[in-house]
Amino acid sequence: MGDPETLLFFLGLAAFLAGFVDAVVGGGGLVQIPALFTAFPASLPATLFGTNKLASIVGTSSAAIQYARRVAIPWRVALPAAASALAGAWFGARAVAYLSPAVLKPVILLLLILVAIYTFIRKDFGAADATVEPQHATAPAVLIGASVGFYDGFFGPGTGSFLIFLFVRFLAMDFLRASVTAKIVNVATNLAAIAFFTSHVAILWQAAGVMACSNLAGALVGSRLALRHGAAFVRKMFLGVVTVLIGKMLFDVAAG
């Protein structure tokens, strides 16, 4: 892709967009991971995934902090979900050695289509102003965190979207609060993945540093827009990202 400065500039732009999208509804990996594979085609996939996680966690953490200042976080959901997601993501990353993530693609594609249809048909889905923490939420929060955490460590695409959908559907959150909670859980899954990757593969530290700064900037812009425009804006972004995910996975399944 030319000289190192141009390559880092390209990665910075991709990371900014990824941080913006991630801060609202998740799905930044759709931008950031292909950019890394384009920039470093000879690198091991695990190296690129580890570099991606290091860049992402900075923006995700920043978005979580921005939301926490303005939105009441449902901690009885966020904390158990994050704890179980941390463990789930670690085991998911280890499971890649025993089973190819490619076998999941048709299943995930079907789930994403169902999520998109359900959200589109239910116009009021995630629009309610949920101001009270859900009661009896610990068990479903642990189950959601563990299962989606495992998926994130094992495969990854659409993690934020699945978390938001499940929080809205099963814990009666509005889209904004679901997005806030998803950020906290995502920080946990990123930590687990980083712990695994940094102890097993080399990381592209210079690229990770540039992308982390750009991801942070994008996350600041995205979180402020989401807070300003509320659940309706997040819902539209959610449907947009899920639609792009479906298109990408259709292409992947057809190609492979």
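Residues numbered from 1 in each chain as written. Predicted model: local features only at pLDDT ≥ 70, side-chain atom pairs only at ≥ 80, totals over all residues. Heavy atoms only, no water.

- An unreviewed UniProt entry annotates the protein chain as Probable membrane transporter protein originating from Aromatoleum bremense.
- Recorded in UniProt under Sequence similarities (unreviewed entry), the annotation for the protein chain is "Belongs to the 4-toluene sulfonate uptake permease (TSUP) (TC 2.A.102) family."
- Check the Subcellular location (unreviewed entry) section of the UniProt entry for the protein chain; it says "Cell membrane". (UniProt positions renumbered as here; feature names shortened; annotations may be inferred.)

### Remarks on the overall build of the protein chain
Working step 1: Assigned secondary structure in the protein chain consists of nine helices and zero strands.
Working step 2: Element order for the protein chain, N to C, with α for helix and β for strand: α-α-α-α-α-α-α-α-α.
Working step 3: When its C-alpha atoms are laid out on the principal axes, the protein chain stretches across 50 × 40 × 35 Å.
Working step 4: Here the protein chain holds 256 residues, and the buried ones make up 54% of them.
Working step 5: Averaging the positions of the 16 positive and the 9 negative side-chain charges in the protein chain gives two centres separated by 6 Å. (Helix = DSSP H or I, 4+ residues; strand = E, 2+ residues; numbered from the N terminus. Buried < 20%, exposed > 50% of the residue type's maximum accessible area, 1.4 Å probe, protein only. Lys, Arg positive; Asp, Glu negative; His and termini not counted. Charge placed at Lys NZ, Arg CZ, Asp CG, Glu CD.)

### Observations regarding the UniProt feature "transmembrane region" (unreviewed entry) in the protein chain
Working step 1: Mapped onto this numbering, the UniProt entry gives "transmembrane region" (unreviewed entry) at residues 73–91, 103–121, 141–168, 203–221 and 233–251.
Working step 2: When the span residues 73–91 is considered, its composition is 89% helix and 0% strand, and the gap between its end C-alpha atoms is 27 Å.
Working step 3: For residues 203–221, helix accounts for 89% and strand for 0%, while the C-alpha atoms at its two ends are 27 Å apart.

### Re the packing of helix 3 (residues 45–70) against helix 9 (residues 205–255)
Working step 1: Where helix 3 meets helix 9, the closest approach of the two axes is 7 Å, and the angle between their N-to-C directions is 25°. Classified by the angle between their axes, helix 3 and helix 9 sit roughly parallel to one another. Seen along the crossing, helix 3 lies across helix 9 with a hand that is right-handed.
Working step 2: Residue composition of the contact of helix 3 with helix 9, by class: 15 nonpolar, eight polar and two charged. (Axes fitted to C-alpha atoms, helices over the stretch in contact; angles between N-to-C directions. Parallel < 35°, antiparallel > 145°, perpendicular 65-115°, else oblique. Left-handed = near helix turned anticlockwise from the far one by under 90°. Nonpolar A, V, L, I, M, F, W, Y, C, P; charged D, E, K, R; others polar.)

### Overview of the packing of aromatic side chains
Working step 1: Tallied over the full model, the rule gives six aromatic pairs.
Working step 2: Where Tyr 151 meets Phe 162, the ring centres are 5.7 Å apart and the plane angle is 85°; that geometry is what we call edge-to-face. Of this pair, Tyr 151 sits in helix 6 (residues 138–154) while Phe 162 sits in helix 7 (residues 159–171), placing them eleven residues apart in sequence.
Working step 3: Taken together, a centroid distance of 5.3 Å and an interplanar angle of 50° make the contact between Phe 175 and Phe 238 tilted. Note that Phe 175 is positioned in helix 8 (residues 175–200) and Phe 238 in helix 9, a separation of 63 residues in sequence. Judged on exposure class, the residue Phe 175 and its partner Phe 238 are both buried.
Working step 4: For Arg 169, the ring lying beneath its charged end belongs to Phe 170, and the centroid distance is 5.1 Å. (Phe/Tyr/Trp six-rings, centres within 6.5 Å; stacked < 30°, edge-to-face > 60°. Lys NZ or Arg CZ within 6 Å of the ring centre and 35° of its normal.)

### A word on the packing of helix 4 (residues 75–95) against helix 8
Working step 1: Orientation of helix 4 relative to helix 8, taken along the N-to-C sense of each, is 30°, at an axis distance of 8 Å. Taken together, helix 4 and helix 8 sit at an angle that is classed as roughly parallel. Along this stretch, helix 4 crosses helix 8, giving a crossing that reads as right-handed. Each of Trp 75, Val 77, Ala 78, Ala 81, Ala 82, Ala 85, Leu 86, Ala 89, Trp 90, Ala 93 and Arg 94 in helix 4 lies in contact with helix 8, whose residues at this interface are Thr 181, Ile 184, Val 185, Ala 188, Thr 189, Leu 191, Ala 192, Ala 195 and Phe 196. (Contact = heavy atoms within 4.5 Å.)

### What about the side chain of Ser 84?
Working step 1: With respect to the helices and strands, Ser 84 occurs in helix 4.
Working step 2: Other than its neighbours up to four places away in sequence, Ser 84 contacts Ala 141, Val 142, Gly 145 and Ala 146.

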